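Notes for the structure review
In case you want the letters, here they are:
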Amino acid sequence: MTEAASVPDSPAAITTTRVVAFFAADHVALTPDAKMYINGAFFNLLRFSAFPAVLSTLGVAVALQLPFQETMREHAIRIGLRGADGQELAVRVEAQFKAALGVEAQFGDPGIVPFGVTITNVEFPNPGVYNLVLWVDGAETGIYPMRVIQVPGVPTLGPAANLPS
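Now for a quick tour of the structure. (Residues numbered from 1 in each chain as written. Predicted model: local features only at pLDDT ≥ 70, side-chain atom pairs only at ≥ 80, totals over all residues. Heavy atoms only, no water.)

**Considering the pattern of salt bridges**
Going by this rule: The salt bridge criterion pairs a side-chain nitrogen of Lys or Arg with a carboxyl oxygen of Asp or Glu, the two atoms within 4 Å. Only protein chains enter the area calculation, which uses a 1.4 Å probe; residues under 20% of their type maximum are buried, those over 50% are exposed, and those in between are partly exposed.
Tallying each qualifying case throughout the model produces seven salt bridges. A salt bridge links Arg-73 to Glu-70; the nearest nitrogen and oxygen atoms lie 3.2 Å apart. Residue classification places Arg-73 among the partly exposed positions, given a relative accessible area of 43%. A salt bridge links Arg-92 to Glu-88, with the nearest nitrogen and oxygen atoms 4.0 Å apart. Judged by relative accessible area, Glu-88 falls into the partly exposed class, the value being 34%. Through salt bridges with shared partners, one network takes in Arg-78, Glu-88, Arg-92 and Glu-94.

Structure (structure tokens):
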């Protein structure tokens, strides 16, 4: 039995790095066999009672499809966060990488390259729309918007030990 080869739509289909996935989550972890484990993914609304606000964890998941000829070459990835005013905030993750296809790959197969990171204590100074931004090899290749809003706070009574019995 042989596999049918598909004809690409255009030269760009086999020569361009594609962003297969780029999104926010609560936590993202990668395993040695390149699987991503993701909790609380695809949110785009964050609610805080006061500003500046701190999000305890912000996971970012990325999957790239590299053309065959781009494997075994040096590449760079950068993830940043743009504030509501368009300025880049102090959230920045950078990595250099070289991808290799597995032994089971056939000549010409693209490579899927996953990245995952969980950033702690991300500060949002004001309400507004913030954008996770993805750069691959210096080119901006993805934007993931998140709206940050202020909601009324819920008063607390303190620890349960202080409640009347």
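**Observations concerning the sheet that holds strand S10 (residues 139-150)**
Operational definition: Here, a strand pair is defined by DSSP locating no fewer than two bridges between the strands. Where helices and strands are cited, they refer to DSSP runs of H or I of at least four residues and of E of at least two residues respectively, numbered from the N terminus. Fitted lines through C-alpha atoms serve as axes, helices being fitted only where they are in contact, and the angles separating the N-to-C directions of these axes extend from 0 to 180 degrees.
Spatially, five strands are ordered S4-S10-S9-S6-S7 in an open sheet, and the strand pairing comes out mixed. The open sheet has two free edges, formed respectively by strand S4 (45-48) and strand S7 (88-97), since each of these has just one partner strand. Each neighbouring strand pair of the sheet contributes to a mean axis angle of 20°, computed without reference to strand direction. As paired strands, strand S6 (residues 75-82) and S7 are joined by seven bridges and run antiparallel to one another.

**Observations concerning the pairing of strand S3 (residues 36-39)**
Where strand S2 (residues 27-30) and S3 come together, four bridges link them in antiparallel fashion. Among the inter-strand pairings, Val-28 is bridged to a residue of S3, identified as Ile-38. The hairpin turn running from S2 into S3, its antiparallel successor, is five residues long, and Ala-34 in that turn takes a positive phi close to 70°.

**A few points about the pairing of S10**
Each regular strand carries side chains that alternate between the two faces of the sheet. Across four bridges, the pairing between S4 and S10 is parallel. Looking at the pairing, Arg-47 lines up with Ile-149 of S10. Here strand S9 (residues 128-136) pairs with S10 via nine bridges, running antiparallel. Looking at S10, one finds that Asn-131 is bridged to Pro-145. Counting the residues between successive antiparallel strands, the hairpin from S9 to S10 contains two residues, one of them, Asp-137, with a positive phi of roughly 50°.

**So, the environment of Thr-17**
The cut-off we apply is this: Every residue pair with non-hydrogen atoms within 4.5 Å of one another is taken to be in contact.
Tracing the sequence through the fold places Thr-17 in the loop between helix H1 (11-15) and strand S1 (18-25). Thr-17 sits 48 residues away from Gln-65 along the chain, and the two C-alpha atoms are 5.7 Å apart. Residues within four places of Thr-17 in sequence aside, it is in contact with Leu-64, Gln-65, Leu-66, Pro-67 and Val-136.

**Regarding the packing of aromatic side chains**
As a reminder of what qualifies: To pair, rings of Phe, Tyr and Trp, with the six-membered ring standing in for Trp, must have centres within 6.5 Å; the planes then decide the type, stacked if under 30 degrees apart, edge-to-face if over 60, and tilted in the middle. The rule is short: NZ of Lys or CZ of Arg within 6 Å of the ring centre and within 35 degrees of the ring normal puts a charge over the ring.
Tallied over the full model, the rule gives six aromatic pairs. Across the ring face of Trp-135, the terminal group of Arg-78 is positioned such that the distance to the ring centre comes to 3.6 Å.

**Observations regarding the sheet that holds strand S8 (residues 111-124)**
Read from one edge of the open sheet, three strands run S1-S5-S8, paired in antiparallel fashion. The open sheet has two free edges, formed respectively by S1 and S8, since each of these has just one partner strand. Recorded for the sheet is a direction-independent mean angle of 15° between the axes of neighbouring strands. Pairing of strand S5 (residues 53-66) with S8 involves 13 bridges; the strand directions are antiparallel. Residue pairing in the sheet places Ala-61 in a bridge with Gly-116 of S8.

**A few points about the nonpolar core**
Nonpolar side chains in soluble globular proteins generally cluster together in the buried interior. Using the following cut-off: To form a nonpolar core, buried Ala, Val, Leu, Ile, Met, Phe, Trp, Tyr and Cys residues must be joined to one another through side-chain atoms within 4.5 Å.
Leu-58, Val-62, Leu-64, Phe-124, Leu-132 and Met-146 are the most contacted members of the largest nonpolar core, which totals 36 residues. Counting residues per element, the ones that place at least two in this core are S1, S4, S5, S6, S7, S8, S9 and S10. With nine residues, S5 is the single largest residue contributor to this core. Residues within four places of Val-62 in sequence aside, it is in contact with Ala-21, Phe-22, Met-36, Ile-77, Ile-79, Val-113, Pro-114, Phe-115 and Leu-134.

Keep in mind these values describe shape, not function.
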